[in-house]
There are 2 protein chains.
Amino acid sequence: MLLGIDVGGTKVALCVGELGGALRAQRTVPMQLSGDARRDVAHLAEVAREVVAEAGLPLAEIEAVGVSLPGPLDAEGARVLNPPNLPGWHDVPVRDALRDALDGLPVQLENDANAAALAEWHFGAGRGFRSLVYLTMSTGVGGGVILDGRLHRGRNWSAGEIGHTALVWDGEPCFCGLRGCVEAYLGGRAWARRLAQVAPPEGRVAELAGGTEHATPVQVVQAAKEGDAFALQEIGRFNGHLAHTLVNLTFTLDPDVFVLGTIVAAAGEELVLEPVRRLVREHLWPRIGQGLEIRAAELGKRLPYYAGLGAALSESPSTEASSA
Amino acid sequence: MLLGIDVGGTKVALCVGELGGALRAQRTVPMQLSGDARRDVAHLAEVAREVVAEAGLPLAEIEAVGVSLPGPLDAEGARVLNPPNLPGWHDVPVRDALRDALDGLPVQLENDANAAALAEWHFGAGRGFRSLVYLTMSTGVGGGVILDGRLHRGRNWSAGEIGHTALVWDGEPCFCGLRGCVEAYLGGRAWARRLAQVAPPEGRVAELAGGTEHATPVQVVQAAKEGDAFALQEIGRFNGHLAHTLVNLTFTLDPDVFVLGTIVAAAGEELVLEPVRRLVREHLWPRIGQGLEIRAAELGKRLPYYAGLGAALSESPSTEASSA
């Protein structure tokens, strides 16, 4: 039995779940940011105890606690450094604070993209594969890399920051301060910035959004489904950049499956998944493209609960000796 | 005690070495391509027996045999599929044939780039690190990815084909048939093609090469060391593309160290390594760039021997269950 906690900027999703994914109790509460991170963590622990009680279990029956939360984390996965959307949180020892508040239960932190990758791997579209790359394209672009049955975290707990690989060297400015990042082309915030400039003011996207300055990928997807030419062209551009990203990951990691969240899952097979599969195959050697799976994420609105459980199922980074 | 065999298009390097890297016997012989791959492999086994005898050991004292050879390999690492520079070799069961010819010793095959990565990790510039990405830029561009103390091979034994990640989507044609590959910008053959077009016919590079049509990166490096403006500009272009490649790998894998072979090792600190380190740092978040090592490969001419030993030290791909 696992306890999952997904900490977002505005909401916290908590659940008690079985290894197989069945939820025994679940609750979503507003994230209370008191300005004192220590107090915020203590509050999380209180709500967590309530959810465990709701599941009809003593706390001691929980085997592991997983916490999905906005990164960056420190290189030991013990502390949350300075997430932009958790004001007042700076270098917070969440792992040990929660462990102490929960009678010494083992607590595993993961950044939200890694936790989502684990969730789709254990409970969603990636079940049963050995190697998976997860990409989510919402406001920003996040990723998680699971290789040979293990989450790959990297030296700074920053592997999988695929949103900041450079699609175009010194290309479009990214909100992260760098240029040409995948996120500057595929991220929702960057796409909205572009739409404010290029969407036809009298077009369908502008109409749906109530003005080009309010346009987001949501309206582009809807207008494209209606057959709007501008929207279809924008989706084509998105598909090309996404295919480029997946081709690079394939030649680097040769994974079994890509699991694509958010916009891709919303846009669906015809608009995005099929064209992207075709573009990716065209840009790989046949031997490598054959059998490569490209799938939409499955968990949708249930993701926060499973992200917490996914984090609980992630092993701690091993520290065994490496080379001979 | 390990037996290493490095099979190239023209030469085979064999050695008997200790786990720590000390060589007990070594020999380089011409690669005999009879047109019959089965006979070629039997010949390799004969020479291998001689080298073991030369080391003063009975065959039974060899713990593992490693074979580095041109890819592609099949997904089990048992067969060599169709290396362009091994005429007559098509789908050759090298692993089992060598095992049978060597009294049942365990034999591990690796493609040459993966074997070189293992060699630099165990015996060269990557010693002691947990995660390493190796890149070699000679005629083509090869790579190997070692993560958390294990070679990552991927679904088709094709992870680390970093030379064919797309630096520019639909960019310069690559000899592999795709476009915009890293190899189309950083590979020696592609660079020579470019030099034939852009090198000044009266310039220093053409002079050193005996004509622009014979120019290769070797003359560019030499002319750049002499201060030639065109050559320095070419090196600057190379450095930019290399930095782009390393930035993308860092945001994806967050490794401890990059080990760069061939041209980079030849060009050295001032021309390539220092400028590339600076460019990479400028294109990463400070938190991620800090402490990232970018090093020249160390093994140089000894690489073939150590590539065989590296392959011998690589564990077989594990087949343990993956997801819950």
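Fair warning: this is a prediction, and the values are worked out from it, not measured in the lab.

The rules behind the values
- Residues numbered from 1 in each chain as written.
- Chains lettered and ligands numbered in written order.
- Predicted model: local features only at pLDDT ≥ 70, side-chain atom pairs only at ≥ 80, totals over all residues.
- Helix = DSSP H or I, 4+ residues; strand = E, 2+ residues; numbered from the N terminus.
- Rg over C-alpha atoms; globule rule 2.2 N^0.38 Å.
- Least-squares fit on C-alpha atoms with pLDDT ≥ 70 in both.
- Contact = placed C-beta atoms within 7 Å.
- Domains from an automatic or database assignment.
- Nonpolar A, V, L, I, M, F, W, Y, C, P; charged D, E, K, R; others polar.
- pLDDT = per-residue confidence, 0-100.
- Pairing = 2+ DSSP bridges.
- Axes fitted to C-alpha atoms, helices over the stretch in contact; angles between N-to-C directions.
- Buried ≥ 20, exposed ≤ 12 C-beta atoms within 10 Å, placed from the backbone.
- Core = buried A, V, L, I, M, F, W, Y, C linked by C-beta atoms within 7 Å.
- Parallel < 35°, antiparallel > 145°, perpendicular 65-115°, else oblique.
- Right-handed = clockwise from strand over helix to strand, strands pointing away.
- Expected span 1.5 Å × (residues − 1).
- Bend = angle between axes of the 7 residues up to and from the residue.
- Left-handed = near helix turned anticlockwise from the far one by under 90°.

As a further point, take the overall build of chain A. Scanning chain A from N- to C-terminus turns up eleven helices and ten strands. In terms of overall size, chain A behaves like a compact globule, its C-alpha atoms giving a radius of gyration of 20 Å where 324 residues would be expected to give roughly 20 Å.

Turning our eyes to something else, we now look at the relation of the copies chain A and chain B. When chain A is fitted to chain B, the residual RMSD is 0.0 Å, and the transformation amounts to a turn of 180° plus an axial shift of 0.0 Å. In short, the pair behaves as if placed about a two-fold rotation axis. Counting the interface residues of chain A, we find that 98% of their copies in chain B are interface residues as well, pointing to one common contact surface.

Residue and element names in this part refer to chain A. Looking at the assigned domains, one finds that chain A contains domain 1 (2–117 + 304–313) and domain 2 (127–298). Each of domain 1 and domain 2 was reduced to a C-alpha centroid, and the two centroids are 28 Å apart. Taken together, the contact pairs ten residues of domain 1 with 14 residues of domain 2. A class-by-class count of the residues in the side of domain 1 that touches domain 2 yields six nonpolar, two polar and two charged.

In regions of low pLDDT, the predicted coordinates are not meant to be interpreted in detail. Averaged over all residues, the pLDDT of chain A is 94; the fraction at 70 or higher stands at 97%. Throughout residues 318–324 of chain A the model reports pLDDT below 50, and contacts reaching past four residues in sequence, or to other chains, amount to 13 contacts.

Residue and element names in this part refer to chain B. The sheet built from five strands is open, its strands ordered β3-β2-β1-β4-β5 with mixed pairing. Both outer strands of the open sheet, β3 (23–30) and β5 (107–111), are each paired with one neighbouring strand and no more. Across the sheet, the mean angle separating the axes of adjacent strands is 15° when strand polarity is ignored. The sheet strands contacting helix α3 (residues 112–123) are β4 (64–69) and β5, and the helix crosses β5 at an angle near 105°. The strands touched by helix α11 (residues 303–313) are β1 (2–7), β2 (11–17), β3, β4 and β5; relative to β1, the strand with the most contacts, the crossing angle is about 120°.

The next subject is helix α2 (residues 94–101) of chain B. Because an α-helix packs 3.6 residues into every turn, residues spaced three or four apart end up facing the same way. Within the span of α2 of chain B, buried status applies to Val94, Arg95, Ala97 and Leu98 of chain B. At the C-terminal side of α2 of chain B, Asp103 of chain B shows a positive phi close to 55°.

Interfaces are often sized by the accessible area lost when the parts come together. Counting from both sides, the interface comprises 46 residues of chain A and, opposite them, 46 residues of chain B. A class-by-class count of the residues in the side of chain A that touches chain B yields 19 nonpolar, 18 polar and nine charged.

Moving on: the nonpolar core. Among the nonpolar cores identified, the biggest contains 218 residues, and Val67 and Ala119 of chain A together with Val67 and Ala119 of chain B are the most heavily contacted of them. With residues up to four places along the chain from it excluded, the contact list for Val67 of chain B reads Ile5, Val7, Val94, Leu98, Val107, Leu109, Gly308 and Ala311 of chain B.

All names here are of chain A. Spatially, the five strands line up as an open sheet ordered β8-β7-β6-β9-β10, and their pairing is mixed. Pairing within the sheet leaves two strands with one partner each, and these edge strands are β8 (150–151) and β10 (293–296). The sheet contact formed by strand β9 (residues 257–260) and β10 spans four bridges and is parallel. Paired with Val259 across the bridge in β10 is Arg295. Along the sheet, helix α3 (residues 112–123) contacts β6 (132–137), β7 (141–147), β8 and β9; its crossing angle with β7, the most-contacted strand, is approximately 50°. This element, helix α9 (residues 263–282), spans β6, β9 and β10 of the sheet and lies at about 165° to β10.

Residue and element names in this part refer to chain B. Pairing analysis gives seven bridges linking β2 to β3, with the strands arranged antiparallel. Each bridged residue has a counterpart across the sheet, and for Val12 the counterpart in β3 is Val29. Once β2 ends, the chain turns through five residues before running back antiparallel as β3, passing Gly21 with a positive phi of about 110°.

Our focus in this paragraph is the packing of α3 of chain B against α11 of chain B. Residue and element names in this part refer to chain B. In contact at an axis separation of 7 Å, α3 and α11 are set at 90° when each is read in the N-to-C sense. With respect to α11, the axis of α3 lies roughly perpendicular. Contacts between α3 and α11 pair Asp112, Ala115, Ala116, Leu118, Ala119, His122 and Phe123 from the former with Leu303, Tyr306, Ala307, Leu309, Gly310, Ala311 and Leu313 from the latter. Taken together, the residues of the contact of α3 with α11 sort by class into eleven nonpolar, two polar and one charged.

This paragraph deals with the pairing of strand β4 (residues 64–69) of chain A. Regular strands show a simple pattern: their side chains alternate between the two faces of the sheet. Residues and elements named next belong to chain A. Of all six residues making up β4, five are buried, and the element is well covered by its neighbours. Of the pairings in the sheet, the one linking strand β1 (residues 2–7) to β4 comprises five bridges and is parallel in character. In the sheet register, Leu2 faces β4, and the bridge partner there is Ala64. Alignment of β4 against strand β5 (residues 107–111), held across five bridges, turns out to be parallel. Residue Leu69 lies in a different strand from β5, and its bridge partner there is Asn111. Of the crossover connections in this fold, the one passing from β4 over helix α2 (residues 94–101) to the parallel β5 is right-handed.

What follows is about α9 of chain A. All names here are of chain A. Between its first and last C-alpha, α9 extends only 23 Å over 20 residues, short of the 28 Å set by a 1.5 Å rise per residue. At Glu269, α9 shows its maximal kink, close to 105°. Listed as buried for α9 are Ile263, Val264, Ala265, Ala267, Leu271, Val272, Val276, Arg277 and Val280.

In this section: unusual backbone geometry. All names here are of chain A. Between Gly71 and the following residue, Pro72, the backbone shows a cis peptide bond with an omega angle of 0°. Note on placement: Pro72 falls in the loop between β4 and α2. Phi is positive for Asp170, close to 55°, though the residue is something other than glycine. Relative to the helices and strands, Asp170 is located in the loop between β8 and α4 (183–186). Asp170 gets classed as exposed once you count the C-beta atoms within 10 Å, which come to 12. In this structure, Thr262 is a non-glycine residue whose phi angle is positive, near 55°. Along the chain, Thr262 falls in the loop between β9 and α9.

As a further point, take the packing of helix α7 (residues 217–225) of chain B against helix α9 (residues 263–282) of chain B. Residue and element names in this part refer to chain B. Viewed as axis vectors pointing N to C, α7 and α9 meet at an angle of 15°, and their least axial separation amounts to 10 Å. In terms of orientation, α7 and α9 fall into the roughly parallel class. When the axes of α7 and α9 are compared, the crossing they make is left-handed. For the pair α7 and α9, the contacting residues are Pro217, Val221, Ala224 and Lys225 in the first and Ile263, Ala266, Ala267 and Leu271 in the second. Here the residues of the contact of α7 with α9 are counted per class, giving seven nonpolar, no polar and one charged.

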